[in-house]
Amino acid sequence: MIDYHMHLENGPLTMDYLQQFWQQAKRRGLSEIGVTEHTHKFSQFRCTFDHLFQPDVGYRYMKDWLSNDFQQDIEEYLALLHKARQGGVPVKVGIEVDYFPEQQSVIASLLDQYSFDFVLGSVHVIGQWGFDLSPEWGWEDHDVDTAYKLYYETLLKAAQSGLFDIMSHLDVIKVFGHRPSGPMDKYVIPVLEAIRDQGMAIEISTAGLRKPVGEMYPEERILGQARSYHIPITFSSDAHAPEDVGYRWEDAVLMAWRCGYREYRVFQDRKSWAEKLPKMG
Ligand SMILES: [Zn+2]
Ligand SMILES: [Zn+2]
């Protein structure tokens, strides 16, 4: 089993810290990890956030959040992961890309400059609003149905961009428990169609179980829809600390079985192949 989504950002970029993630993965019975640092950690990706540093950005906290980032060198990050792999740690080299429609070509040319095993595509920002930072920030300015609509419209562009291998936390807009007034199928289905058309996978993320919403990303109904489109899956804890690696992966596998999945995907050099889902219970 795999955990293809975790962050080293709360510790140093050292072998010792990376080993803590791998040791926890082993304890939980995993055989491979994928490390996926956020693009906003790397100085090289600062330009993909330029539009959020403009004077007209209304959300002060967005600037405060970003002003402390972009401190790391992606070359050092990649070197650490390659060194770990040479030392026998089964780690895949990933990155979690903040997608912004207005920066698509800038993101594309940067991704071309580095090698990854897989690239996660994520939407955390709608326009200039980072909706997953706090249940207060920005939510008071947005009607919930509109927030969902805008989120899925941005996610659709991310899927259509062809830049990513795996779409992260598909329905993360629910993170704080804000619920739309009715089904969002008319926005979700085009996203799933685009993911299928681009040959991408989605992740089942247990991170939502640790958030106010208290459920997986995506919810089971959407995972069932993804299955009907033959969209492959990976598994993700989105751990930001070693102890969360592999968090409740068994529950994610059970949900995959219930939705009709029998396989998941592993990635290398941005190619993937199927492995059998483990039998549970
Ligand atoms: Zn994310
Ligand atoms: Zn993440």
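Just so we're clear, the structure is a prediction, and the values are computed from it rather than from any experiment.

(A) Layout of the overall build of the protein. Of the regular secondary structure elements, the protein holds eight helices and eleven strands. In terms of C-alpha radius of gyration, the protein reaches 18 Å, essentially the compact-globule figure of 19 Å for 281 residues. Seen along its three principal axes, the alpha-carbon backbone of the protein occupies a region of about 50 × 40 × 30 Å. Put simply, the protein has 281 residues, and 41% of those count as buried. A sequence separation of at least 24 residues applies to 81% of the contacts in the protein between residues at least 6 apart.

(B) Geometry of the sheet that holds strand β3 (residues 91–98). The strand order across the open sheet formed by seven strands is β1-β2-β3-β4-β7-β8-β9, and the pairing between neighbours is parallel. Each edge of the open sheet is held by one strand with a lone partner, namely β1 (2–3) and β9 (233–236).

(C) Region of the structure containing the packing of helix α5 (residues 144–160) against helix α6 (residues 185–197). Contact geometry of α5 with α6 gives a least axis separation of 9 Å together with a crossing angle of 10°. Between α5 and α6, the angle is such that the two are roughly parallel. Mapping the contact onto sequence places Tyr148, Lys149, Tyr152, Glu153, Leu155, Leu156, Ala159 and Gln160 in α5 and Tyr187, Val188, Pro190, Val191, Ala194 and Ile195 in α6. For the contact of α5 with α6, the class distribution of residues is eleven nonpolar, one polar and two charged.

(D) Inspection of unusual backbone geometry at higher detail. In the segment running from Tyr217 into Pro218, the intervening peptide bond is cis, with an omega of -10°. Mapped onto the elements of the fold, Pro218 is located in the loop between β8 (201–205) and α7 (220–228).

(E) A look at the pairing of strand β10 (residues 263–268). Judged from the six bridges that link them, β10 and strand β11 (residues 271–276) form a sheet pairing that is antiparallel. Along β11, the bridge assignment pairs Gln268 with Lys271. Counted along the chain from β10 to the antiparallel partner β11, the turn is two residues long, and its residue Asp269 has a positive phi close to 50°.

(F) Examining helix α1 (residues 15–27) more closely. Helix length check: α1, at 13 residues, gives a terminal C-alpha distance of 18 Å against a target of 18 Å (1.5 Å per residue), a fit within 8%. For α1, the full list of buried residues reads Leu18, Phe21, Trp22, Gln24 and Ala25. For α1, the angular spread of buried residues about the axis comes to 160°, placing them on one side. Exposed residues on α1 whose side chains face more than 90 degrees from its buried face are Met15, Asp16 and Arg27. Immediately beyond the C-terminal end of α1, within one or two residues, lies Gly29, with a positive phi of roughly 85°.

(G) Fine view of the nonpolar core. Formed by 71 residues in total, the largest nonpolar core has its most connected members in Met167 and Ile202. Per element, the largest residue contribution to this core is seven residues, and it comes from α5. Not counting the four nearest positions on each side in its chain, Met167 is found in contact with Gly121, Ala158, Ala159, Ile195, Met200 and Ile202.

(H) Expanded view of the environment of Thr48. By secondary structure assignment, the location of Thr48 is in the loop between β2 (32–38) and α2 (60–67). Assessed through the 24 C-beta atoms surrounding it within 10 Å, Thr48 is described here as buried. Separated by 226 residues in the primary sequence, Thr48 and Ala274 have C-alpha atoms spaced 33 Å apart. Residues within four places of Thr48 in sequence aside, it is in contact with Thr39, Phe100, Gln103, Val106, Ile107 and Leu110.

Rules used in this analysis
Residues numbered from 1 in each chain as written. Chains lettered and ligands numbered in written order. Predicted model: local features only at pLDDT ≥ 70, side-chain atom pairs only at ≥ 80, totals over all residues. Helix = DSSP H or I, 4+ residues; strand = E, 2+ residues; numbered from the N terminus. Rg over C-alpha atoms; globule rule 2.2 N^0.38 Å. Buried ≥ 20, exposed ≤ 12 C-beta atoms within 10 Å, placed from the backbone. Contact = placed C-beta atoms within 7 Å. Pairing = 2+ DSSP bridges. Axes fitted to C-alpha atoms, helices over the stretch in contact; angles between N-to-C directions. Parallel < 35°, antiparallel > 145°, perpendicular 65-115°, else oblique. Nonpolar A, V, L, I, M, F, W, Y, C, P; charged D, E, K, R; others polar. Expected span 1.5 Å × (residues − 1). Arc of directions from axis to C-beta. Core = buried A, V, L, I, M, F, W, Y, C linked by C-beta atoms within 7 Å.

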